[in-house]
Amino acid sequence: MTVDPLMNPTISSLKGQQSKKERKLKYADLAVQGTNNSSIASKRSVESIYLPKLGVNKNVMDQSVREYFKYFVPKVINRSPCINRGYWLRLHAIRSRLESIRDGSGSKKVLVVNLGCGFDPLPFQLLDKLNGDSESFLERFSFLDIDYSDLLKNKIEIIKQHPELTQIVGLKDTKGVTDTITCDQYFTRPCDLNSTLNYKKLLLESQDLPELQDPNVVKVFIAEVSLAYMKSELSDQIINISSMLPNSHFLMLEQLIPQGDYEPFSKQMLKHFKKNDSPLQSVKTYNTIESQRERFHNLGFLNINVGDMLQLWNSVPPKTRHAVEAIQPFDEFEEFCLFCHHYVLCHATNDLGFIFTEQYKFDLEPIIEIPENDMAVTFVPLDLDLKRSFGAGIIDSNGNVIYHGGCNPNRINETLLITENVTQSTPCEKTTTMPPVRTCHTFTRILETTQGIIIGGRNAPHKPYNDTWLYNYKTNKWTLKDGKLPETRFRHCTVQISNNKLLIFGGVTQGTNTFLIYDLKKDSYEKVEIVDNATQFPNIVSSASMSYDMETNTGFIVGGLDEYHNAILETLYSFTIADNEITITEVMRHPLLRRYGAKSAHLSHGKILLVGGISSDLLFNDKTNIVIIDYIKRTVESVKIPANIWETILLCFVGFDLLQVDSNRIVIVGGAATCYGFGNITNNSLMLTFSNQCS
């Protein structure tokens, strides 16, 4: 007997729920498929801008550049320099691992299985006989693309429309081809990876793909941001099933939240994917590099090389890295590092005899134990939505903040007066004479006066300044001084060392002067000689932090990028200066001093406050973003950000400024970052009040 569901509300309700669930799953699948469009467009941007300048994929016939993404993204959408560099690195991540497997597998055949392949044209690139860079792949490599049926249908339609692509893979008869291709070296098979039973059947029971079960064929599974959208228990099954095939490698590149949900970049990244209805799922289960290592080990891949993308970038051969850096003017190093810390690259294999390429072998994550400082520190969020980064400020004689320039997100030349306990900002009236738009400059108050000095900075990264501007905040008058830096300079430090002199240190510059002195009376710059340089102080350091105590004639320099060695320093140096001669002493080294773009302030009783910036080693969190350096005891201690601040207020200690109201009060203003393609974050300004400094 049949039952009419309309006459049975229980059955009708269950069917309605099932239908709703199916629609929801279908919508989720479409949202995940949509991530392919953004990714492939970004890679097309890299292809059009980077490859011609790097001389990649040269045609063996006429030396023109062979392009492959263009077939899937006909219109080039130029991405920002930071996104371009990030996607170049993603392309390099997969290519370098394949080269490592090619070189480390003797003469064995290799089958590349691309899980969630999207419109990735990797098979066409490496099977193209006209591509000079593919010669070593042609005879040994074949490719299996796996994805949703609808997506493969679209991909195959594009292949069928372009004879160049059908010729590369040897697709001769295109009639009736929908979502499945079988050629000599290129195959497509539809499979929803969420259906792990179907995936297992495809891998272990496919009669038309004998390479999968052949133990003499090396299998390379690629999951480039495809498993991240799956529930961890399902993605784990995919990895485990893949490990059942002998002689298998698994290359996984996906998002990482190494400091948890509340770290600012991670928070924005998770928000972005959730908003786009493609939430990251396994990232919360496996949020650290070590957890990913354990994951693959437990799922059948016992030989593992895993690290974040910044480790990969630092392992790129210097010649290649310099060539990439020269393609676009670039000064978003902090944002690039944040992106790299949020992506993991794992190369795992069940071949215990495989030796990972030494150049690309990742080091283990550093384990840093840091005690908490016993000073009483009060954090007060300021109701100040500044939305500025890489500007600079001073505290005037009335305790107000004067903030000039920076980005929002475009470079501006606005001067802001921030009053009412640093909670209200008012633009100062623009005058006929004032500095042109700039970022990465210094703004230093001249004590016992109503004046401040702006030195250097830049417009675009390739348009630096060497000018000097005097500002009278009482009269709101700007004066361009005759004295100019001997060379352009930005991302430098400036401190006042006497009533009439400022000390300038480091920065991005073509000059060779490590230090300079600006004499206000003479309106001129003077060279400074480093004496007793037994510590081998680096010649030029950019984005370091510097503080100075006029009472004791003692200054301190922390971190910064050693431009010559391309390394972020982990050193605290002290210096004294007399008669344009400076003596420098290395005080201590510590992993948490390895910072680029941090700010510091000289506290009393032998202590220095160090805030923010980025590190090449780790992503800072609520315990490591802010530290106290005791240069007498040679210790580094944590100033823990309270949970009610860290978890609820957006912080971004990149491009911010740190201003000292007095020996007990510090104001943090400004700061912002573009989080790759996930949107912008801006820093919530803070007031820090210290007590018990003598403890």
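Located above this text is the structure these notes cover.
Residues numbered from 1 in each chain as written. Predicted model: local features only at pLDDT ≥ 70, side-chain atom pairs only at ≥ 80, totals over all residues. Heavy atoms only, no water.

In this section: unusual backbone geometry. Backbone torsion omega between Asn408 and Pro409 reads -15 degrees, so that peptide bond is classified as cis. Within the element layout of this structure, Pro409 appears in the loop between strand 11 (401-404) and strand 12 (415-419). The backbone phi angle of Asp523 is positive, close to 50 degrees, even though this residue is not glycine. Within the fold, Asp523 resides in the loop between strand 20 (515-519) and strand 21 (524-527). With relative accessibility at 16%, the residue Asp523 sits in the buried group. In this model, Asp579 sits at a positive phi of 55 degrees, which is unusual for a non-glycine residue. (Helix = DSSP H or I, 4+ residues; strand = E, 2+ residues; numbered from the N terminus. Buried < 20%, exposed > 50% of the residue type's maximum accessible area, 1.4 Å probe, protein only.)

Where helix 6 (residues 196-205) contacts helix 7 (residues 232-243), the axes come no closer than 10 Å and their chain directions differ by 10 degrees. In terms of orientation, helix 6 and helix 7 fall into the roughly parallel class. The interaxial crossing formed by helix 6 with helix 7 has right-handed handedness. Along the contact surface, helix 6 presents Thr196, Tyr199, Lys200 and Leu203, while helix 7 presents Leu234, Gln237, Ile238, Ile241 and Ser242. A per-class count over the contact of helix 6 with helix 7 returns 5 nonpolar, 3 polar and 1 charged. (Axes fitted to C-alpha atoms, helices over the stretch in contact; angles between N-to-C directions. Parallel < 35°, antiparallel > 145°, perpendicular 65-115°, else oblique. Left-handed = near helix turned anticlockwise from the far one by under 90°. Contact = heavy atoms within 4.5 Å. Nonpolar A, V, L, I, M, F, W, Y, C, P; charged D, E, K, R; others polar.)

A few words now on the sheet that holds strand 2 (residues 141-147). Reading across from one edge, 3-4-2-1-5-6-8-7 is the order of the 8 strands in this open sheet, with mixed pairing throughout. Since the sheet does not close on itself, it has two edges, and those belong to strand 3 (181-182) and strand 7 (303-308), each with one partner. Note: strand 6 (residues 248-255) against strand 8 (residues 343-349), 7 bridges, orientation antiparallel. When the sheet's bridge partners are listed, Gln255 is paired in strand 8 with Tyr343. Against the sheet, helix 10 (residues 289-298) touches strand 6, strand 7 and strand 8, its axis set at about 155 degrees to strand 7. (Pairing = 2+ DSSP bridges.)

So, on to the environment of His297. Residue position: His297 is located in helix 10. Considering only alpha carbons, one finds His297 and Thr349, 52 residues apart in sequence, at a separation of 9.4 Å. Not counting chain neighbours up to four residues away, the residues in contact with His297 comprise Leu302 and Ile304.

The next subject is the sheet that holds strand 31 (residues 607-611). Across the sheet, 4 strands lie side by side as 30-31-32-33; this open sheet has antiparallel pairing. Whereas interior strands pair on both sides, the edge strands pair on one side only; in this sheet they are strand 30 (599-602) and strand 33 (635-638). In this sheet, adjacent strand axes meet at a mean angle of 25 degrees when their direction is disregarded. Across 4 bridges, the pairing between strand 30 and strand 31 is antiparallel. Within strand 31, the position partnered with His602 by the bridge is Ile608.

The next subject is the side chain of Asp630. With respect to the secondary-structure elements, Asp630 resides in strand 32 (residues 626-630). It turns out Asp630 is buried and unbridged, and the closest side chain with the opposite charge, Lys633, is 4.3 Å from it. Of note is the side chain of Asp630, whose polar atom sits 2.9 Å from the backbone nitrogen of Lys633. Ignoring sequence-local partners within four residues, the contact set of Asp630 consists of Gly606, Lys607 and Thr635. (Lys, Arg positive; Asp, Glu negative; His and termini not counted. Salt bridge = Lys/Arg side-chain N within 4 Å of Asp/Glu carboxyl O. Polar contact = N/O pair within 3.5 Å; in protein donor to acceptor, adjacent residues only side chain to side chain.)

Let us now look at the packing of aromatic side chains. Tallying each qualifying case throughout the model produces 35 aromatic pairs. Centroid distance Tyr548 to Phe575: 6.0 Å. Interplanar angle 15 degrees. Geometry classified as stacked. Within this pair, whereas Tyr548 is found in strand 24 (residues 545-549), its partner Phe575 is found in strand 28 (residues 571-578), the two being separated by 27 residues in sequence. On the accessibility criterion, Phe575 (1% relative accessible area) is buried. The rings of Tyr87, Trp88, Tyr229, Phe265, Phe273, Trp313, Phe330, Phe336, Phe339, Tyr343, Tyr676 and Phe678 are connected pair by pair, giving a single aromatic cluster. In this structure, Arg85 packs its charged tip against the face of Phe330, placed 3.7 Å from the ring centre. Lying over the aromatic face of Phe620, Arg595 brings its terminal NZ or CZ to 4.0 Å of the ring centre. (Phe/Tyr/Trp six-rings, centres within 6.5 Å; stacked < 30°, edge-to-face > 60°. Lys NZ or Arg CZ within 6 Å of the ring centre and 35° of its normal.)

Before going further, it helps to examine helix 10. All buried positions along helix 10 are accounted for by Ile289, Ser291, Gln292, Arg293, Arg295 and Phe296. If you follow the buried residues of helix 10, they end up packed against helix 7, strand 6, helix 9 (282-285), strand 7, helix 11 (309-315) and strand 8. Backbone geometry just downstream of helix 10 places Gly300 in the positive-phi region, at approximately 110 degrees.

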